[in-house]
Amino acid sequence: MATPVRHLLLSAALVVISYSLAVNGHCVERTFGHDSFVCVCNATCCEEPGIISVPESGTYSQFSSARSMYRMEPFSGEIEAAAGDAPSVSVDTSTTFQAILGFGGAFTDSVGINIDLLSPDARQWLLRSYWAPEGAEYSIGRIPIGGCDMSTRPYTLDDVEGDVELVHWSLAPEDFNYKIPYVKEAMAMSEQEVLIFGSPWTPPIWMKSNNMFNGTGYLLREYYQPYANYIVKWVAAYESEGVPIWGLTPQNEPLDQEEDWENNGCVWHPEDMRDWIRDFLGPSLSAAGYGRLSIMADDFNRYTLPYYVEPCFADPECSQYVDGVAVHWYADDTESPEILLETRALDPSKFILYSESCNGLRVPFEDGVMLGDWARGERYLYNILEDINYYSVGWVDWNQALNMIGGPLFLGNALDSPIIVNGPDDEFYMQPMHFALTHVSKFFKRGDLRIDAVPDNDNIKAAAVLKEDGSVAVVVLNMPENCPSTARKIARARPRKLPEHGPENCPSTDQKTARARAKKLPEHGPKNCPSTSQKIARARAKKLPEQGPKNCPSKGQKTARARARKLPEHGPENCPSTGQKTARARARKLPEHGPENCPSTDQRTARARARKLPEHGPENCPSTGQKIARARARELPEHGPENCPSTGQRTARARAGEVPEQGPEGMLLPLTELRIHRSSFGLRCLERDATALLEIVQPTIARHEVWDMHQLGQFHRLLLDQIVADRQILSSCLLQLHEYLLIELQVVSLRQLHAH
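(A) Local environment of the state of the cysteines. Applying the stated criterion across every chain, the model contains three disulfides. At a sulfur-sulfur separation of 2.0 Å, the disulfide partner of Cys-27 is Cys-39. Between Cys-27 and Cys-39, the S-S torsion sits near -110°, and that sign places the bridge as left-handed. Here Cys-39 lies in strand E5 (residues 38–41) and Cys-27 lies in the loop between strand E3 (20–21) and strand E4 (29–30), a separation of twelve residues in the sequence. The exposure class assigned to Cys-39 is buried, which follows from its relative accessible area of 0%. In this model, Cys-312 is linked to Cys-318 through a disulfide, with the two sulfur atoms separated by 2.0 Å. Judged by the torsion about the S-S bond (-95°), the Cys-312/Cys-318 disulfide is left-handed. Accessibility expressed as a relative area gives 6% for Cys-312, which makes it buried.

(B) Structural context of the side chain of Ser-36. Mapped onto the elements of the fold, Ser-36 is located in the loop between E4 and E5. Taking the relative accessible area as the measure of exposure, Ser-36 reaches 3% and is therefore buried.

(C) Structural view of the sheet that holds strand E18 (residues 402–403). In space, the five strands of this open sheet follow the order E4-E5-E20-E19-E18, with mixed pairing throughout. The sheet terminates laterally at E4 and E18, the two strands that pair on one side only. Across four bridges, the pairing between strand E19 (residues 419–422) and strand E20 (residues 427–430) is antiparallel. From the neighbouring strand, Val-421 faces E20, where its bridge partner is Phe-428.

(D) A look at the pairing of strand E10 (residues 102–106). Extensive coverage of E10 is indicated by the burial of five of its five residues. With four bridges connecting them, E10 and strand E17 (residues 392–399) associate as parallel partners. Of the residues in E17, the one forming a bridge with Gly-102 is Gly-394.

Criteria and cut-off values
Residues numbered from 1 in each chain as written. Predicted model: local features only at pLDDT ≥ 70, side-chain atom pairs only at ≥ 80, totals over all residues. Heavy atoms only, no water. Disulfide = S-S within 2.5 Å. Helix = DSSP H or I, 4+ residues; strand = E, 2+ residues; numbered from the N terminus. Buried < 20%, exposed > 50% of the residue type's maximum accessible area, 1.4 Å probe, protein only. Pairing = 2+ DSSP bridges.

This is how it looks when you write it as structure tokens:
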């Protein structure tokens with residue numbers, strides 16, 4: 001039956017009803033110039049909501065977080081006395097929907113690095129805030145298989161070229177230092193079974209068509225079986241370390257429509273993914289005794305659904321290995337949640353799990369971290385509630401903790417996180433995002449059944465679950481009436497009831513987008529020229545009418561044809577299009593062209609990748625491509641002043657653990673020999689900043705000419721103390737440089753120990 005639940009709603013409050021709570025700690029508030037506050041935690045205290053108990057019959061408990069006041073503050077009373085004129089949410093317990101699986105976050109390299117900056121007691125508080133019964137009660141963890149964008153370097157678990165038998169496959173130092181220890185601590189804290197799943201960002205680059213960590217290279221078919229073996233070895237290795245694996249996504253963000261990609265990645269067209277799961281990954285896992293693992297297809301944004309999973313779901317031999325669909329939230333603000341219903345309709349037996357979410361993308365660097373920003377917490381909760389109401393069984397956040405500038409990560413950008421770590425002061429900050437997640441994860445537990453929750457007010461978003469004991473938990477997001485959030489404005493556009501407006505009744509961008517999604521695209525524009533949305537929609541359907549001057553195919557047509565590798569010759573003097581050159585480059589069949597038969601950039605790149613590099617340039621100076629290729633192969637001729645090795649040589653030697661410049665008894669490089677260049681830490685940091693940093697730590701360098709493991713353990717505190725001592729030079733760039741220095745020294749030292 002439908003039961004109205006009435007309560008006092010606070011302005012922009014996150015509210016949970018139907019539970020009582022023992023509070024272990026209160027928020028120590030601090031503001032950083034944004035519209036709300038953070039809760040400060042350190043080695044001695046931290047805000048904890050506490051352990052939940054069910055309220056007595058006829059009573060309710062309410063826990064509120066408000067922009068200006070409190071976090072998870074408990075209120076209680078008689079249900080009948082709560083009735084009145086306040087807005088209400090009607091819950092219907094007569095019909096149930098999907099069972100909740102759980103909520104959680106990822107264990108990335110960056111997360112472990114930041115937790116490691118804290119003292120042991122502060123680390124415990126941070127992990128408790130997520131995983132303990134007194135905290136958010138997370139129950140799902142995601143682990144990148146190898147490196148990801150939240151690493152300090154690009155790497156995989158077998159970077160030895162041509163190692164088809166995976167003889168050199170091994171877990172990385174980051175697994176042992178930053179992932180496994182904290183996964184095991186989280187598992188020990190939790191009263192629930194923690195479900196761990198892995199996601200690879202890229203195969204080893206020697207298995208890929210472009211021989212790169214990023215870009216749009218694909219897995220070469222001759223490596224389909226070795227790569228399946230690679231994944232199986234990761235499962236076995238983690239389980240041997242005491243971390244049971246529950247599931248896998250075959251690829252984080254499988255690239256299909258993208259023309260370029262900055263992060264570590266791999267192109268997987270839907271049909272190729274179907275073939276690999278059906279013929280290689282699924283059978284290999286089963287043969288190794290891991291057929292019990294839950295495989296989740298896609299692991300990308302809403303706009304890839306449902307088309308990306310259709311080929312596998314339509315093939316019984318592939319579908320038998322796939323248990324669910326993983327979705328990222330980054331397109332939730334622009335793509336209708338109806339997509340989730342369409343995906344579920346393909347096979348209702350397969351669950352939908354949101355597997356990654358993060359604020360701070362595609363904003364200026366200085367806005368990557370916005371400490372205390374309420375809108376980011378509101379955005380999180382809005383989408384979580386919407387996704388649950390559209391059959392998601394849970395929600396997994398991205399990084400559990402980042403530093404004050406949203407890192408470290410080797411791409412040089414910045415992201416936000418529910419917890420931000422301030423290592424120098426041995427404290428961390430719990431943001432509104434953390435409490436948005438806690439309001440759901442603490443009350444919607446594994447096995448709870450979703451029920452309908454219908455608000456009577458447009459300013460309210462709600463979701464509810466029915467528990468085994470018959471009690472009900474409701475999570476409510478209350479937004480200001482006079483200031484709709486971005487999420488609410490998008491939600492209003494989604495019903496596609498868009499009033500006409502603009503000059504000459506010109507449809508707005510939202511209208512055109514909504515119409516394009518519905519694939520009901522009126523012709524408009526000069527000479528009835530189809531809009532970009534129309535061309536994209538037609539391209540996706542692969543029904544591309546000829547258009548343009550001299551029947552020149554559109555970009556969408558060229559892309560579609562390129563994917564099919566059926567590329568007609570066109571253009572001035574039959575000049576191949578970009579798509580043709582790219583396709584030929586991948587096939588390494590590159591005709592000579594250009595002035596004096598000078599190879600094109602694509603040709604040089606392809607030759608460099610194949611390591612068949614003709615000498616060219618002034619005085620036969622090798623090109624950048626040649627130097628990079630040689631560095632990768634570690635066949636590096638000596639060059640430079642006094643035969644000084646290049647940056648590439650030093651990096652290659654360090655990674656291989658072959659660092660000749662070292663002191664007695666296997667000591668590390670003298671810090672004065674560690675040269676820093678802009679490419680190491682992103683364009684935002686200049687070489688003069690590196691010089692400034694080295695000048696700051698010169699007294700420390702003088703005390704320790706070379707660095708062994710014991711001295712390295714003190715390096716972090718010594719260096720930060722000296723940076724913080726002069727606030728004038730405390731900048732995000734210098735902090736980033738410091739982290740780069742620290743991580744490079746750690747990587748070198750670990751490889752040194754392994755070599756000895």
